[in-house]
Amino acid sequence: MSVKIVVGSQWGDEGKGKITDMLSQTADLVVRFGGGNNAGHTVIVGEEKFELHLIPSGILYPEKKCILGNGVVIDPEAIVEEMEGLEDRDISLDNLFIDESAHIVMPYHRKLDGLEEARKGNGKIGTTGKGIGPVYTDKVARRGIRIMDLLDEERFKRKLSDVLEYKNLEIEKIYNETPFTVEKIVEDMRPYIEKLRPHVKNTALMIEEAVKKDEKLFFEGAQGTLLDIDYGTYPYVTSSHPTAGGVCTGAGIGPVHVDDVIGVAKAYVTRVGEGPFPTELNNETGEMLRDKGHEYGVTTGRPRRCGWLDIPMLKHAVRVNGLTEIALTKMDVLSGLKGIKVCTSYRNKDSVNDVFPCDLQRASESKAIYETLEGWTEDISEIRIFEKLPLNAQKYIEMIEEACGVPVKNIGVGPERNEVIKKD
Ligand code: GDP
Ligand code: IMO
Ligand code: MG
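Just so you know, these numbers come straight off a predicted model, no measurement behind them.

1. So, the overall build of the protein chain
So, step 1. A tally of helices and strands in the protein chain yields 13 helices and 20 strands.
So, step 2. Summarising its shape, the C-alpha atoms of the protein chain cover approximately 65 × 50 × 40 Å along the three principal directions.
So, step 3. Burial statistics for the protein chain: of 424 residues in total, 57% are counted as buried.
So, step 4. Once local pairs closer than 6 in sequence are excluded, the contacts in the protein chain between residues at least 24 apart make up 76%.
So, step 5. When the accessible surface of the protein chain is split by element, carbon and sulfur atoms take 48% of a total near 18,100 Å².
So, step 6. With 55 positive and 70 negative side-chain charges, the protein chain shows a separation of 3 Å between the mean positions of the two kinds.

2. Brief notes about the packing of helix 3 (residues 107-120) against helix 4 (residues 132-140)
So, step 1. Their axes nearest at 7 Å, the elements helix 3 and helix 4 cross at an angle of 120 degrees. Relative to helix 4, helix 3 is oriented oblique. Judged by the sense of rotation from one axis to the other, the crossing of helix 3 with helix 4 is right-handed. Residues Tyr-108, His-109, Leu-112 and Asp-113 of helix 3 form the contact with helix 4, whose participating residues are Ile-132, Pro-134, Val-135 and Asp-138.

3. Focus: helix 11 (residues 311-321)
So, step 1. Counting buried positions over the 11 residues of helix 11 gives 8, a clear majority of the element.
So, step 2. Among all positions of helix 11, only Ile-311, Pro-312, Met-313, Leu-314, His-316, Ala-317, Val-318 and Asn-321 are buried.
So, step 3. Tucked inside the fold, the buried residues of helix 11 contact strand 1 (2-8), strand 11 (260-266), strand 12 (269-271), strand 14 (309-310), strand 16 (339-348) and helix 13 (391-404).
So, step 4. The opening residue of helix 11, the one whose side-chain oxygen lies 3.0 Å from the backbone nitrogen of Met-313, is Asp-310.
So, step 5. Phi turns positive, to about 65 degrees, at Gly-322, one or two residues after helix 11.

4. Focus: the pattern of salt bridges
So, step 1. Scanning all chains against the criterion turns up 31 salt bridges.
So, step 2. Between Asp-138 and Lys-167 there is a salt bridge, and its shortest N-O distance comes to 2.9 Å. Here Asp-138, found in helix 4, pairs with Lys-167, found in helix 6 (residues 153-174); they are 29 residues apart in sequence, far enough to count as distant. For the pair Asp-138 and Lys-167, one class covers both residues: buried.
So, step 3. Among the charged side chains, a salt-bridge network with shared partners connects Asp-13, Lys-266, Glu-295, Arg-304 and Lys-330.

5. Points about the site of ligand 1
So, step 1. Taken together, 20 residues are adjacent to ligand 1, and Lys-16, Gly-17, Gly-40, Thr-42 and Asp-332 come closest.
So, step 2. Gly-17 is positioned with one of its backbone polar atoms (N or O) 2.8 Å from an oxygen atom of ligand 1.
So, step 3. Within the backbone of Gly-414, one N or O atom sits 3.3 Å away from a nitrogen atom of ligand 1.
So, step 4. Contact with the protein chains removes 93% of the 590 Å² of surface that ligand 1 exposes when unbound.
So, step 5. For the shell around ligand 1, the secondary-structure elements that each account for two or more residues are helix 1 (16-23) and strand 3 (41-45).
So, step 6. Tallied by class, residues from the shell around ligand 1 come to 5 nonpolar, 8 polar and 7 charged.

6. Remarks on the site of ligand 2
So, step 1. Close contacts around ligand 2 come from 20 residues, with Asp-13, Lys-16, His-41, Thr-128 and Thr-238 the closest.
So, step 2. The separation between an oxygen atom of ligand 2 and a polar side-chain atom of Lys-16 is 2.6 Å.
So, step 3. The fraction of the free accessible surface of ligand 2 (550 Å²) that becomes covered by protein chains is 97%.
So, step 4. Of the residues contributing to the shell around ligand 2, the split by class is 7 nonpolar, 10 polar and 3 charged.

7. Digging into the coordination of the magnesium ion (ligand 3)
So, step 1. All of the protein donors around the magnesium ion (ligand 3) are Asp-13 (OD) and Gly-40 (O); their distances to the metal are 2.0 to 2.2 Å. Taken as a pair, Asp-13 in the loop between strand 1 and helix 1 and Gly-40 in the loop between strand 2 (29-32) and strand 3 lie far apart in primary sequence, 27 residues in all. The exposure classification of Asp-13 matches that of Gly-40, with both residues buried.

8. What about the packing of aromatic side chains?
So, step 1. Following the criterion strictly, the structure yields 5 aromatic pairs and no others.
So, step 2. With a centroid separation of 6.2 Å and an interplanar angle of 70 degrees, the aromatic rings of Trp-11 and Phe-356 are classed as edge-to-face. Placement of Trp-11 in the loop between strand 1 and helix 1 and of Phe-356 in the loop between strand 17 (351-353) and helix 12 (360-365) is noted, with a sequence separation of 345 residues between them.
So, step 3. Accessibility expressed as a relative area gives 4% for Phe-356, which makes it buried.
So, step 4. Three or more aromatic residues link up through ring pairs in this structure, and these residues are Trp-11, Phe-277, Tyr-346 and Phe-356.

9. Here's the deal with the nonpolar core
Soluble globular proteins: nonpolar side chains tend toward being buried together.
So, step 1. If you look at the biggest cluster of nonpolar residues, it comprises 57 residues, and the most contacted ones within it are Ile-207, Phe-219, Met-331, Leu-334, Tyr-396 and Ile-400.
So, step 2. Among the elements that line this core, the one with the most residues is helix 13, at 6 residues.
So, step 3. The residues touching Leu-334, leaving out its near neighbours within four places in the chain, are Ala-267, Tyr-268, Leu-289, Ile-340, Trp-376 and Tyr-396.
So, step 4. One finds Ala-102, Leu-112, Leu-115 and Leu-150 within the second-largest nonpolar core, a separate group that totals 41 residues.

10. Some words on the environment of Glu-170
So, step 1. Looking at the element boundaries, Glu-170 is found in helix 6.
So, step 2. Once the C-alpha coordinates of Glu-170 and Leu-112 are considered, the two residues, 58 residues apart in sequence, prove to be 8.8 Å apart.
So, step 3. Contact partners of Glu-170, with chain neighbours within four places excluded, come to Leu-112 and Tyr-175.

Definitions and limits used
Residues numbered from 1 in each chain as written. Chains lettered and ligands numbered in written order. Predicted model: local features only at pLDDT ≥ 70, side-chain atom pairs only at ≥ 80, totals over all residues. Heavy atoms only, no water. Helix = DSSP H or I, 4+ residues; strand = E, 2+ residues; numbered from the N terminus. Buried < 20%, exposed > 50% of the residue type's maximum accessible area, 1.4 Å probe, protein only. Contact = heavy atoms within 4.5 Å. Areas by Shrake-Rupley, 256 points an atom, 1.4 Å probe, with all protein chains shown as cover. Lys, Arg positive; Asp, Glu negative; His and termini not counted. Charge placed at Lys NZ, Arg CZ, Asp CG, Glu CD. Axes fitted to C-alpha atoms, helices over the stretch in contact; angles between N-to-C directions. Parallel < 35°, antiparallel > 145°, perpendicular 65-115°, else oblique. Left-handed = near helix turned anticlockwise from the far one by under 90°. Polar contact = N/O pair within 3.5 Å; in protein donor to acceptor, adjacent residues only side chain to side chain. Salt bridge = Lys/Arg side-chain N within 4 Å of Asp/Glu carboxyl O. Near = heavy atom within 4 Å. Nonpolar A, V, L, I, M, F, W, Y, C, P; charged D, E, K, R; others polar. Donors = N, O, S within 2.8 Å, 3.2 Å for Na, K, Ca; no water. Phe/Tyr/Trp six-rings, centres within 6.5 Å; stacked < 30°, edge-to-face > 60°. Core = buried A, V, L, I, M, F, W, Y, C linked by side-chain atoms within 4.5 Å.

Note that every value here comes from positions in space, so none of it alone points to a role or purpose.
Listed below in C-alpha cells is the structure:
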C-alpha cells in the first residue's frame, strides 16, 4: 500500500494539479479532502488544458476512482457545470464519488460571502466569492445542509426551512437584502440533485476498503499551508484545513496509514487576495514573474501578486505538514534573471530568526533578510536530467533542500504533464 498526500506549501496555486496528475499515474484512488470550488487546478496534457475546481485531477485517467471526501464543500451548480464540461470532452465520470456527509454551498452562502466582503470594504479578505467562508461557518455552527439531506426532498425542505429562518434574519436584518425562499431554492436545486445522486456514497468505507486491499491512494490538496485557518496568515486565510492533517478529518483515514507528504512549492511565491506578503515585488521583476509565469487566478482571473522565494515560509510548511519531500514548480520562469533573491530569515525588532511571521502584527514589524544567488540564462524547459541543469539552477535547488531539510524530488520546468525533472 502507498498513501501519499499532496499539499500546497505557500498561498495556493503552486501547481498541485499538475503534480498530482503527474505523480498519481499509478494511483488507484485520487481524493480531495477539503476546500471547494475556490480551488482552480490546471492540468495540461499535450494541446489540451483542463481547469478543475472540485473534481480531483485523477479524473483524466478513466480507471482511477476519484473521491470528494466529507471535508470538501460542494456547490451543486458548480460541480454539475464542471461534470458536464468534462463529459463534453469525453471524460468519463463513472468513477466519481462524493461523500454523503459533504456540506453543500447554498445560494445564500455565495450571497453572504459577497455582502460580508462589501461590508469590510478596505479590510476585505479578497475571497473567491464562492461562499466558502459562510458554508464552513454554518458547518461548525451545526446548521449546515449536507448532501445526504438533499437526496430526500421532504427532509431537505424541512431542514432548509429551519435554516432559512436564521439565514434570512442575517440577510434582512444585517444587510437589508431580499430573503431567500425554500420553494425557489428546492426548485433550482432539483436538476443538480438528480445529476449528483448516483455519485453519492459513504466514501470513508471506500477508502477503508482500498487500504485493506493495499491499493495506492493519492490525496490532492487544495489551497495552501499559508491559507490554513490555523497555520496561515489569519484572518487572510480560507476557512478550512488545507494542511496534511486535513486529510484525516476530511476523508476519514487514520494518520498511521500515510507514507509521504509532498509539499508543492513554486520557485518563487505568489498570492491572490489580500493579506501580508513580506517578499512581494511591486516592481518590474514582479511584473516579469507575472507575465512569464502567466500568474492569473484560474478561479477568478485576478492577477496574482508575485515575490521572492521565502525559506522561513517553506520551513513552516515542512513543520506543520510533516513534509517528506518538496515538488518545486516553475523553475523555468526564473531563467534569465541575473540575480535571484531568497528570503532566508526575518529581523523582528532586534532579533533575527527563521520563523515565518504568520501573525499580522509580527508581519508588519518584521523585515525580510535576503541572500542573492546567481541566476542562469539558458532555457531549461527541455531538460529532464538534474545534472544537465545550469550549475546555478542546481545550486538554487540544493540550497532549498539544505535549508528545509527535505529533498526536492520533482522539479517543474514547464506547465505540461511531462515537463518535470525527477531527482533522486
Ligand atoms: P494549483 O491550484 O496548485 O493546481 O495551481 P494552478 O493551476 O492554479 O496554477 C499553477 C499554474 O502554473 C498553472 O497555469 C500550471 O499550468 C502552471 N505550471 C505548473 N507547473 C509549472 C511549471 O513547472 N512551469 C510552468 N511554466 N508552469 C507551470
Ligand atoms: P488552489 O487550490 C489561491 C484565497 C483567496 C483569498 C482567501 C480566502 O487553486 O491553490 P475563500 O474564497 O477561500 O474564502 O478565499 O483564500 N484562495 C486561494 N488562493 N489558490 C486557491 O486554491 C485558493 N483558494 C482560496 O484568494 O485570499
Ligand atoms: Mg489554483
